[in-house]
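A structural walkthrough
Single-letter residue listing:
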Amino acid sequence: MRILTVVGARPQFIKAATLGRALARHGIEECSVHTGQHYDEEMSGVFYRQLAMAPPAYALDVGSAPHGAQTGEMMRRLEPIVVREAPDWVLVYGDTNSTLAGALVGAKCGAAVAHVEAGLRSFNRAMPEELNRIVADHVADVHFAPNEQARIQLEREGISGNVHVVGDLMIDLAREALTLLPPRPDVLDRFALASKGFALVTIHRAANTDDPQAFRRIVEGLRRLPMRVIFPAHPRTRTLTTACGVGDGDNIMLCEPLPYLEMLALQRHARSILTDSGGVQKEALVVGTPCTTLREETEWDETLDYGWNVLVGTDPAAIVRAGVRQPPTIPPSGIFGETLGCAERIATVLARPAAARSRSAPRAGAVPPSR
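Keep in mind it's a predicted model, so treat the numbers as computed, not measured.

When you line up the elements, Glu 297 lands in the loop between strand E12 (291–293) and strand E13 (309–311). At 3.3 Å, the side chain of Glu 297 and the side chain of Asn 124 are in polar contact. What Glu 297 contacts, discounting residues up to four positions off in sequence, is Ser 122, Asn 124, Met 127 and Leu 311.

A few words now on the environment of Ile 152. Within the fold, Ile 152 resides in helix H6 (residues 148–156). Relative accessible area serves as the criterion here: at 31%, Ile 152 is assigned to the partly exposed category. Considered as a pair, Ile 152 and Ala 114 are 38 residues apart in the sequence and their alpha carbons are 18 Å apart.

What follows deals with unusual backbone geometry. At Phe 123, a residue that is not glycine, the phi angle is positive and equals roughly 60°. Residue position: Phe 123 is located in the loop between strand E5 (112–116) and helix H5 (128–139). Positive phi, normally seen in glycine, also occurs at Asn 162, with a value near 55°. Of note, Asn 162 is situated in the loop between H6 and strand E7 (163–165). Assessed through its relative accessible area of 34%, Asn 162 is described here as partly exposed.

Between its first and last C-alpha atoms H5 spans 17 Å; for 12 residues at 1.5 Å apiece the expected length is 16 Å, and the two agree. Where burial is concerned, most of H5 is hidden: 9 out of the 12 residues are buried. Residues of H5 that are buried include every one of Pro 128, Glu 129, Glu 130, Asn 132, Arg 133, Ile 134, Ala 136, Asp 137 and Val 139, and no others.

Another aspect to go through is the sheet that holds E12. Remark on secondary structure: sheet strands pair via backbone hydrogen bonds, oriented parallel or antiparallel. Pairing in this open sheet of 6 strands is parallel, and the strands run E10-E9-E8-E11-E12-E13 from one edge to the other. Strands with a single pairing partner mark the edges of an open sheet, and in this sheet they are strand E10 (252–255) and E13. In this sheet, neighbouring strand axes are inclined to one another by 20° on average, regardless of whether the strands run parallel or antiparallel. For strand E8 (residues 198–202) and strand E11 (residues 272–275), the ladder comprises 4 bridges, and the chain directions are parallel. Pairing of Ala 199 across the sheet is with Ser 272, part of E11. Packed onto the sheet, helix H10 (residues 212–224) meets E8, strand E9 (228–232), E10 and E11 and runs at close to 125° relative to E10. Packed on one face of the sheet, helix H13 (residues 278–287) meets E8, E11, E12 and E13 and runs near 165° to E11.

Criteria and cut-off values
Residues numbered from 1 in each chain as written. Predicted model: local features only at pLDDT ≥ 70, side-chain atom pairs only at ≥ 80, totals over all residues. Heavy atoms only, no water. Helix = DSSP H or I, 4+ residues; strand = E, 2+ residues; numbered from the N terminus. Polar contact = N/O pair within 3.5 Å; in protein donor to acceptor, adjacent residues only side chain to side chain. Contact = heavy atoms within 4.5 Å. Buried < 20%, exposed > 50% of the residue type's maximum accessible area, 1.4 Å probe, protein only. Expected span 1.5 Å × (residues − 1). Pairing = 2+ DSSP bridges. Axes fitted to C-alpha atoms, helices over the stretch in contact; angles between N-to-C directions.

See below:
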């Protein structure tokens, strides 16, 4: 059994590191392709080293570009690799442009496509990620849903075959990684931080970074917080932070994107996390830190249970109210359930000889035309 894995962004490296070890235990040969969607050392190379991942067999080096151009270039460079490698599976994660490119090329080349994190929906089609995940689900041959809600959503869309509720790879890895952190990680001393005395923010969604006014409103809210704010700046925000004077005489400390373990340590010791990232929303609950989501919706509805995560959009006053709230009295430990073993469940399905099927077979939920 041979799998070609397509990755290109920070959360995909995290998921691939966890699943890759399980695939190896099942004797599955994995060939990895890095599209270059995230290409900075801090957003890419450091994850391969820290998570002990083998270097990718292929690096497409696509880099930054508008959505259509970037996805199209990924597809152009990926297609001959899929043809050459002839994998049993093309495996894609999540909802990035790399996900979309991998799913479409795999389907068009006749390979079976597996989608990890299938069935998630924000129901906001203005988000590029929403379109990516919908298309990936509807061309995939097997769907690995993180929870029952995602499975039900797939069923609503006519996808009921080869759907497996397996849990969440990022949550599994975060729980495992927490056991490796010392009581006071070095990153706190580097930034001169007191545990539970600062806020941590990440911003990268197009709705917040392509709209300067939205970004300014978020920054206004962050500046009103009565604590220091650590801001590992995504490459796409650097022009905006400069234009807004972020870090110039205010309470915000800009830094480069951080390696996985250092970021997890800051999440654990922050008083509050503010983010537009789906992955960070989940990690916040794993470490037990209140999360404020800088969006109007989330594909991870379960994070809203008990008040551990709240949606505020870009309203400065709402950002302040949420950012200083006290942790809920009900612990977040049971929100995701016992998901440990997600990687093993996925690998078990992919290792079955009959799992990869011909592209000529009817799509899940599709009805062949009558003759």
